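# Fold and geometry: a report
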Amino acid sequence: MYRLLCRPAWEAFLFFQEVFGLTRLGETLRAYQARDPAARSRLEIFLLYPGVHAVLYHRIAHFLYCRRLKFLARVVSQWSRCWTGIEIHPGAAIGHRLVIDHGMGIVIGETTVIGRNVKLYQGVTLGAKSFELDEHGNPVKGIKRHPDIGNHVVVYAGATILGGMTHIGDNCVIGGNVWLTESLPAGTKITARPPGFTSVRMAMFSPWVALDVNTTRSGSVTPNSSAASVRHRRS
């Protein structure tokens, strides 16, 4: 009887500590205030910033997901998606002080792992590549499908990072509209070079990885295959 009474109380304590713990909430608000020049007060951030709301909803959903209440977890995450425009799967593991700037259109997959002090801009996708199939042609479940993002990483608007074997090292910067399916070592900065961007102009960004891009007939953007089109420089 004692255990039956104590366990719900303990679970309730863990829930409020995980979701609304003053330490975690306070550090999240301070992170936004420090990294967003438009943020004027913590009250404004707490009440009006969709990124904060998305993270709080995700903490609730992740709490339920880890206790195998996956249907309820998806209910919470879908409500968060409708309310904030940010889709985070309940299974994603997110570190402390994640800052989501604007946030509209961000998608974070189930097996994604995000480190501490990461900043994501609108339209970022942390997703999966083509699914592995079993002998019956059905997608294989229960495997790592989404990327790992290290600590102190910045991912700019529209970037797409795919694959369970893709690991982004600490202190990396991913430029806008980059399509990435390979791992990056710590400290790497990468951007896509638009058509017509001269090498003189790109010299201004000497620490960056510069990738030429071509537009295919279908309108999609793909990297050039020639080795001369890739300039790999690390800070």
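Report follows, based on the coordinates. In this text, all values refer to a predicted model and were calculated from it rather than measured experimentally.

## A look at the overall build of the chain
If you tally the helices and strands in the chain, you get 6 helices and 17 strands. By residue count, 43% of the 235 residues in the chain fall in the buried class. Summarising the internal contacts of the chain: among those between residues at least 6 apart in sequence, 34% fall at separations of at least 24. For the chain, the accessible area works out to roughly 13500 Å², and carbon and sulfur atoms hold 60% of it.

## Examining the packing of aromatic side chains
Per the counting criterion, the structure on display carries 3 aromatic pairs. A centroid spacing of 6.0 Å and a plane angle of 15° characterise the contact between Trp79 and Trp83, whose relative ring orientation is stacked. Of the two residues, Trp79 and Trp83 are both situated in helix H5 (residues 70–84); the distance of 4 residues between them amounts to about one turn of the helix. Arranged with centres 4.9 Å apart and planes meeting at 15°, the rings of Tyr121 and Tyr156 form a pair that is stacked. One end of the pair, Tyr121, is in strand S6 (residues 119–121); the other, Tyr156, is in the loop between strand S9 (154–155) and strand S10 (160–162), with 35 residues separating them in the sequence. Judged by relative accessible area, Tyr121 falls into the buried class, the value being 17%. For Tyr156, a relative accessible area of 33% translates into the label partly exposed. Sitting over the face of the ring of Phe63, Arg67 holds its NZ or CZ atom 3.7 Å from the ring centroid.

## Here's the deal with a nonpolar patch on the surface
Together, Leu43, Phe46, Leu47 and Leu48 give the surface a local cluster of nonpolar side chains, amounting to about 410 Å² of exposed area. Among the secondary structure elements, Leu48 is positioned in helix H3 (residues 42–48). Judged by relative accessible area, Leu48 falls into the exposed class, the value being 59%.

## Thoughts on the environment of Val76
Locating Val76 in the fold gives a position in helix H5. The exposure class of Val76 is buried, given its relative accessible area of 17%. Along the backbone, Val76 and His89 are 13 residues apart, and their C-alpha atoms lie at a distance of 9.9 Å. The contacts of Val76, once residues within four sequence positions are left out, are Tyr57, Ile60, Ala61 and Leu64.

## Focus on the pattern of salt bridges
Following the criterion strictly, the structure yields 6 salt bridges and no others. Across the pair Glu44 and Arg40 runs a salt bridge whose closest N-O atoms are separated by 2.8 Å. The exposure class assigned to Glu44 is buried, which follows from its relative accessible area of 16%. The partner of Arg81 in a salt bridge is Glu87, and the shortest N-O contact between them spans 2.9 Å. Taking the relative accessible area as the measure of exposure, Arg81 reaches 39% and is therefore partly exposed.

## A closer look at H5
The terminal C-alpha atoms of H5 lie 21 Å apart, and with 15 residues this matches the ideal 21 Å at 1.5 Å per residue to within 8%. For H5, the set of buried residues is Ala73, Val76, Ser77, Ser80 and Thr84. When H5 is viewed along its axis, its buried side chains cluster within an angular range of 95° and face the same direction. Across from the buried face of H5, at angles greater than 90 degrees, the exposed residues are Phe71 and Cys82. Buried residues in H5 make contact with helix H4 (50–66) and strand S1 (87–88). Residue Gly85 follows H5 closely and has a positive phi angle near 80°.

## Digging into the sheet that holds strand S11 (residues 167–168)
One open sheet accounts for 4 strands, arranged S2-S5-S8-S11; its pairing is parallel. A single partner strand is all that each edge strand has here, and the edge strands are strand S2 (93–94) and S11. Of the pairings in the sheet, the one linking strand S8 (residues 148–149) to S11 comprises 2 bridges and is parallel in character. Along S11, the bridge assignment pairs Asp148 with His167.

Parameters and conventions
- Residues numbered from 1 in each chain as written.
- Predicted model: local features only at pLDDT ≥ 70, side-chain atom pairs only at ≥ 80, totals over all residues.
- Heavy atoms only, no water.
- Helix = DSSP H or I, 4+ residues; strand = E, 2+ residues; numbered from the N terminus.
- Buried < 20%, exposed > 50% of the residue type's maximum accessible area, 1.4 Å probe, protein only.
- Contact = heavy atoms within 4.5 Å.
- Areas by Shrake-Rupley, 256 points an atom, 1.4 Å probe, with all protein chains shown as cover.
- Phe/Tyr/Trp six-rings, centres within 6.5 Å; stacked < 30°, edge-to-face > 60°.
- Lys NZ or Arg CZ within 6 Å of the ring centre and 35° of its normal.
- Patch = residues over 30% accessible without salt bridge, like charges linked within 9 Å, V, L, I, M, F, W, Y side chains within 5 Å.
- Salt bridge = Lys/Arg side-chain N within 4 Å of Asp/Glu carboxyl O.
- Expected span 1.5 Å × (residues − 1).
- Arc of directions from axis to C-beta.
- Pairing = 2+ DSSP bridges.

Fair warning: the whole summary comes from geometry, so function is off the table for now.
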